[in-house]
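Examination of the molecular architecture
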Amino acid sequence: LAKTTQPISMDSYEGQEVNITCSHNNIATNDYITWYQQFPSQGPRFIIQGYKTKVTNEVASLFIPADRKSSTLSLPRVSLSDTAVYYCLVGKMNTGFQKLVFGTGTRLLVSP
Amino acid sequence: GAVVSQHPSWVICKSGTSVKIECRSLDFQATTMFWYRQFPKQSLMLMATSNEGSKATYEQGVEKDKFLINHASLTLSTLTVTSAHPEDSSFYICSAPGLAGGGYNEQFFGPGTRLTVL
């Protein structure tokens with residue numbers, strides 16, 4: 001599985017847009033990029049998945065440049081409840097059957 | 001999305017005892033499930049892949065005789081921590097692949113089980 005690199009932590013304020021970038025220089029042609037969110041003492045929750053360009057859902061947007069060596073998770077107008085750890089994973093996750101290797105994740109703290 | 005449950009949500013036990021943790025896929029079948037362990041302020045670490053009707057596959061460094069996995073049905077996998085010791089205290093999380101709304105499969109995670117060994 002392609003190794004990912006993310007900032008260890010980020011701070012933001014309520015109402016701001018937060019962009020978390022993930023580097024995955026060794027991404028394979030058939031790899032997807034998936035982001036998970038984890039609150040303390042809970043299991044991770046799927047946020048968004050993409051292969052190229054831009055993907056948007058009701059929670060976030062995922063921007064993937066043409067070379068796919070990085071991706072950016074964008075959270076619009078964050079609230080206090082968005083304080084969590086965000087993990088970027090790369091692999092053939094569209095199948096759902098591949099074991100996931102979690103990196104360090106990015107600890108986002110949203111303040112009032 | 002699909003729902004995965006775990007039981008118990010937390011457990012406290014004495015050193016030397018065994019603890020069983022259940023992972024259930026509530027509204028879908030899962031021939032494969034995954035078990036993770038997470039220590040405080042750390043990331044999830046994959047322990048093993050649970051396969052229905054066959055032996056589990058353990059990650060390097062995980063003792064298969066200490067962490068017994070049984071996947072007896074298409075909706076249930078169990079993790080038994082045998083002869084638990086304080087260093088086994090951790091947050092144990094399971095996941096199962098299921099069909100997501102976008103038409104592709106994703107892994108759905110359980111809420112986790114907090115194990116404290118005294």
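That block above? That's the structure.
For clarity, every value in this text was computed on a predicted model and none was experimentally measured. (Residues numbered from 1 in each chain as written. Chains lettered and ligands numbered in written order. Predicted model: local features only at pLDDT ≥ 70, side-chain atom pairs only at ≥ 80, totals over all residues. Heavy atoms only, no water.)

This paragraph deals with the interface of chain A and chain B. Contact residues are listed per partner, giving 21 residues for chain A and 22 residues for chain B. Both sides together, the interface formed by chain A and chain B hides about 1,700 Å², and carbon and sulfur atoms give 52% of it. Our enumeration of links across chain A and chain B arrives at zero salt bridges. Along the contact surface separating chain A from chain B lie six residue pairs in polar contact (both at pLDDT 80 or more). Across the side of chain A that touches chain B, the residue classes break down as eight nonpolar, eleven polar and two charged. (Contact = heavy atoms within 4.5 Å. Buried area = accessible area lost by both parts, 1.4 Å probe. Salt bridge = Lys/Arg side-chain N within 4 Å of Asp/Glu carboxyl O. Polar contact = N/O pair within 3.5 Å; in protein donor to acceptor, adjacent residues only side chain to side chain. Nonpolar A, V, L, I, M, F, W, Y, C, P; charged D, E, K, R; others polar.)

Residues and elements named next belong to chain A. Mapped onto the fold, E14 is located in the loop between strand 1 (9–13) and strand 2 (18–23). Using a relative accessible area of 40% as the deciding quantity, one classes E14 as partly exposed. Placed 19 residues apart in sequence, E14 and I33 show a C-alpha to C-alpha distance of 27 Å. Not counting the four nearest positions on each side in its chain, E14 is found in contact with V78, S79, L80, V110, S111 and P112. (Helix = DSSP H or I, 4+ residues; strand = E, 2+ residues; numbered from the N terminus. Buried < 20%, exposed > 50% of the residue type's maximum accessible area, 1.4 Å probe, protein only.)

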